[in-house]
Amino acid sequence: ATQLRWLAALLLALVVGEGLMGSQVRELTDGLAKAHTGQGRALWVGELEQSWVYLVHRSFSWLVLAASLGFAWLGRTALQRGLGWLEKSIVALVLSQMLLGIVLAHVGIVPIAQVLHVGLSSLLVSGLCLWLLGSGTSPVRS
């Protein structure tokens, strides 16, 4: 269980780092919106790909995915009860974020996908914090 807590803490750190880069990418898209008023959002991806922060954000997501799958795999054996709703939700949120990221990168900067991507990231951070807070030793009951 200690290894699982460490992996969850690492996953949280990775997700926060990914979120910081994501906020910088969002700042870039806001700049593109001002610079390209009236043009299609699908054209923005080409300009974003010239930014190192966008490229790192896009590639770093695979590390987040690997860590979340490791979290689920280790959790399956380390947790005596198996994976619960929270562990499954954390992995589902990471997979959803990956899917939304693929939509944003390959379909275009679709506004609803952008909003969902930001919103689900906050749920992911909250879920990991909740898991970490609940994963400590339980109090002695009399």
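A brief report on the enclosed structure follows.

Conventions adopted
- Residues numbered from 1 in each chain as written.
- Predicted model: local features only at pLDDT ≥ 70, side-chain atom pairs only at ≥ 80, totals over all residues.
- Heavy atoms only, no water.
- Helix = DSSP H or I, 4+ residues; strand = E, 2+ residues; numbered from the N terminus.
- Expected span 1.5 Å × (residues − 1).
- Buried < 20%, exposed > 50% of the residue type's maximum accessible area, 1.4 Å probe, protein only.
- Contact = heavy atoms within 4.5 Å.
- Core = buried A, V, L, I, M, F, W, Y, C linked by side-chain atoms within 4.5 Å.

Let's talk about helix H4 (residues 85-106)
Stage number 1. Between its first and last C-alpha, H4 extends 31 Å over 22 residues, near the 32 Å set by a 1.5 Å rise per residue.
Stage number 2. When H4 is considered as a whole, its buried residues turn out to be Leu 86, Glu 87, Ile 90, Val 91, Leu 93, Val 94, Gln 97, Met 98, Leu 100, Leu 104 and Ala 105.
Stage number 3. Buried positions along H4 lie against helix H1 (2-35), helix H2 (44-48), helix H3 (52-78) and helix H5 (111-134).

Concerning the nonpolar core
Stage number 1. One finds Leu 11, Phe 71, Ile 90, Leu 124, Leu 128 and Trp 131 to be the most contacted residues of the largest nonpolar core, which totals 35 residues.
Stage number 2. Mapped onto this core, the elements with two or more residues apiece are H1, H2, H3, H4 and H5.
Stage number 3. Here this core takes 10 residues from H1, the largest share from any one element.
Stage number 4. Not counting the four nearest positions on each side in its chain, Ile 90 is found in contact with Leu 11, Phe 71, Leu 124, Gly 127, Leu 128 and Trp 131.

No statement about biological role is implied by the geometric values presented.
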